[in-house]
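Single-letter residue listing:
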Amino acid sequence: MTNTLDEAALAVVVKQVLLAESRLRMDPADLRDDEPLNGGLLRVTSMGFLGMLIKLEDVLGIELPDDIFVGRTFTTVDDVVQAVRGRVA
Amino acid sequence: MDEILELSRSCVTAAPPPGAAEYLNFCTSLREHLHAAWESIVDANAEDLRAIREKGAPETLVDRIRMSDEQLAWLGRLTADVADALGRLAPDPVHEAGPLRVRRATRPLGVVLMIYEARPAVSVEGALLPVVMGNAVLLKGGTEIAATNRALAPVIRAALRDSGLPEHMVHLLDNCGRSELRTLLTRGDAIDVLLPRGGPSLIDFCRTASRIPVIASGGGVNHLYAHHSADPGEVAAIALDSKLSEPTACNTLETILCDERALPSVADAIVKTAGEPCTLKVPEQFGVTGNDLVTVLPLADVDLGREFLDRTLALRPVSGVEEAVALIREHGSGHTEAVVAADPSVVQTFCREVDAATLVVNGSLRLHDGPTMGLGPEIAISTGRLQVRGPVGLTALTTTSWVVEAGGTLRASLDEELR
């Protein structure tokens, strides 16, 4: 599944999970790439990462490494998209 | 992992039945061991704090995983409250059915897997409440509190041993990554109940990916409906207490649904009476202005159905109780919903039409917790519909066996009697 997942589709999947974690009902296309993970709109902290990673693995049909977030700082939507993209490329 | 699961099951079998003195001993022993080892627990916690800071976590998150004397005092009170609740447990009910004496015997649920992404004090809660009802517990905490949990594990084990309970009744799962967690969630043969405490993704995953029954401590997208018959000052007091006493709690208030005609006076009362900094999101057309403590921002469509997880309150106009109920049905999470009204018929309609774990009438949403409601200590607030809804207290962590004392009665003789 991931082999055929293009960049835009991957971003949509990540945004859907981030929106669900923030209990927001909005179109993922309307979520900006530079939207802060923990700001006026999204409310995502590392406390929610376990559930989100499991969800991403399920939706993408992949296994993400446990250290995916090690050594990275996550402040925006795009930070998460890039981290996941680096693992599914 | 297989070994841990087998060990946990054998502990459920070996443990004394609920109500045994060993569980009271455990409350005392755990408190004493926590006090004795507190310095080393705080040192280990400092490692976690350092690591999470290095990852750039905000201070609110750092505070959330901090173990301080405040937590120790709270855990001390919890062990005392649990001991008190154990002493108040009602004896197994007995009734007679013809020649039969039927007793409902309390049994532990079995092996409980608790998954949490929260404060390390939850590790102690998870080790205490299920265990005193005879359950074995697997605790899967977040990596953010790994060092603290490693320090807590021997403390809990020692307390179990000293109180005469099997020392492996509690396992703090170290090195349990997501793949191991996935495997655990398929082990319905070895795990009896899941108790997830975390974000929506985690709870949703447990509900959909596992066939093991879930007692879910879901988030609270909670509302307060303010009818125009209510005093605006009372609405403001209830709303502010419901939010500011603990802005990130699951029973905190997110949105006030206010009768349109009363909205200006309610907004005014909130701005005037707020004693702490907060944000009020309200439609711009009402022209509400803030002050030094209250920041007023425009309400956006996406704000409905949100958990703000900070000191933000939304204030939305509604045409009446019917629209408020409709919005709660659409956006609420079935956790805590409240109404403030002087008109009893409005209260009646609200309580009949709104379905949530707890409905509060003319009071703070923060009243929704086990101890406050006189239900004893709780490990979570459940938004599920089976086994338990609302505060998950000690008895919710048990099931029953029916003991039929028949005195030689045969079914055939009963059937004969009925003929």
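One can find the structure itself at the top, above this paragraph.
Source: prediction; values computed, not measured.

Residue and element names in this part refer to chain B. Read across the sheet, seven strands follow the order β10-β9-β11-β8-β7-β12-β13 without closing on themselves; strand pairing throughout is parallel. A strand with exactly one partner marks an edge of an open sheet, and here the two such strands are β10 (294-298) and β13 (358-361). Neighbouring strand axes in the sheet, compared pairwise and without regard to direction, differ in orientation by 20 degrees on average. Where helix α10 (residues 263-273) meets the sheet, it contacts β8 (255-259), β9 (278-282), β10 and β11 (312-318), and its direction lies at approximately 165 degrees from that of β11.

Helix-helix packing is described using two parameters, namely the angle between the two axes and the distance between the axes. Across the interface, helix α2 (residues 49-60) of chain A lies against helix α8 (residues 200-209) of chain B with an axial gap of 7 Å and an inter-helix angle of 50 degrees. One finds that α2 of chain A runs oblique with respect to α8 of chain B. Here α2 of chain A runs over α8 of chain B; the crossing is left-handed. Counting all contacts with α2 of chain A, which are made through L50, G51, M52, I54, K55 and D58 of chain A, the residues of α8 of chain B involved are S201, L202, D204 and F205 of chain B. Each residue belonging to the contact of α2 of chain A with α8 of chain B can be placed in one class, and the counts come to five nonpolar, two polar and three charged.

The figure often quoted for interface size is the accessible area lost as the parts come together. In this complex, chain A contributes 31 residues to the contact, which on the side of chain B involves 35 residues. A combined buried area of about 2800 Å² lies between chain A and chain B, and 50% of that area is made up of carbon and sulfur atoms. At the boundary of chain A and chain B, one finds six salt bridges. With its nearest N and O atoms 2.9 Å apart, the salt bridge here joins R182 of chain B to D58 of chain A. The interface formed by chain A and chain B contains 10 residue pairs in polar contact (both at pLDDT 80 or more). The set of elements that each furnish at least two residues to the side of chain A that touches chain B consists of α1 (7-21) and α2 of chain A. Among the elements that line the side of chain A that touches chain B, the one with the most residues is α2 of chain A, at nine residues.

What follows covers the packing of aromatic side chains. Residue and element names in this part refer to chain B. Counted under the stated rule, the structure contains one aromatic pair over all chains. Each ring, one from Y225 and one from F350, has its centre 6.4 Å from the other, and the planes form 10 degrees; the classification is stacked. A residue pair is termed long-range when its members are at least 10 positions apart, and Y225 in strand β7 (residues 223-226) and F350 in helix α12 (residues 344-353) qualify at 125 residues. When sorted by exposure, Y225 lands in the same class as F350, which is buried.

So, on to the pattern of salt bridges. Pairs can form between side chains of opposite charge whenever their charged atoms are close. Applying the stated criterion across every chain yields a total of 31 salt bridges over all chains. We note a salt bridge from E353 of chain B to R329 of chain B, for which the minimum N-O separation is 2.8 Å. In this pair, E353 of chain B is assigned in helix α12 and R329 of chain B in helix α11 (residues 321-331), connecting sequence segments 24 residues apart. Salt bridges sharing common partners tie together E57 and D58 of chain A together with R178 and R182 of chain B.

Residues and elements named next belong to chain B. Its 20 residues place the ends of helix α4 (residues 69-88) 29 Å apart at the C-alpha level, agreeing with the 28 Å of an ideal helix rising 1.5 Å per residue. Among all positions in α4, only L72, L75, G76, L78, T79, V82, A85 and L86 are buried. Looking at the buried residues of α4, the elements they touch are α2 (21-54) and α5 (121-128).

Another point: the packing of α4 of chain B against α5 of chain B. Residues and elements named next belong to chain B. At their nearest, the axes of α4 and α5 sit 11 Å apart, and the two run at 15 degrees to each other. By the angle class used here, α4 and α5 are roughly parallel. α4 and α5 meet at a crossing whose hand is right-handed. Packed against α4, whose contacting residues are Q71, W74, L75, L78, T79 and V82, the element α5 presents A121, V124, E125 and L128 at the interface. For the contact of α4 with α5, the per-class residue count stands at seven nonpolar, two polar and one charged.

About the criteria used
- Residues numbered from 1 in each chain as written.
- Chains lettered and ligands numbered in written order.
- Predicted model: local features only at pLDDT ≥ 70, side-chain atom pairs only at ≥ 80, totals over all residues.
- Heavy atoms only, no water.
- Pairing = 2+ DSSP bridges.
- Helix = DSSP H or I, 4+ residues; strand = E, 2+ residues; numbered from the N terminus.
- Axes fitted to C-alpha atoms, helices over the stretch in contact; angles between N-to-C directions.
- Contact = heavy atoms within 4.5 Å.
- Parallel < 35°, antiparallel > 145°, perpendicular 65-115°, else oblique.
- Left-handed = near helix turned anticlockwise from the far one by under 90°.
- Nonpolar A, V, L, I, M, F, W, Y, C, P; charged D, E, K, R; others polar.
- Buried area = accessible area lost by both parts, 1.4 Å probe.
- Salt bridge = Lys/Arg side-chain N within 4 Å of Asp/Glu carboxyl O.
- Polar contact = N/O pair within 3.5 Å; in protein donor to acceptor, adjacent residues only side chain to side chain.
- Phe/Tyr/Trp six-rings, centres within 6.5 Å; stacked < 30°, edge-to-face > 60°.
- Buried < 20%, exposed > 50% of the residue type's maximum accessible area, 1.4 Å probe, protein only.
- Expected span 1.5 Å × (residues − 1).

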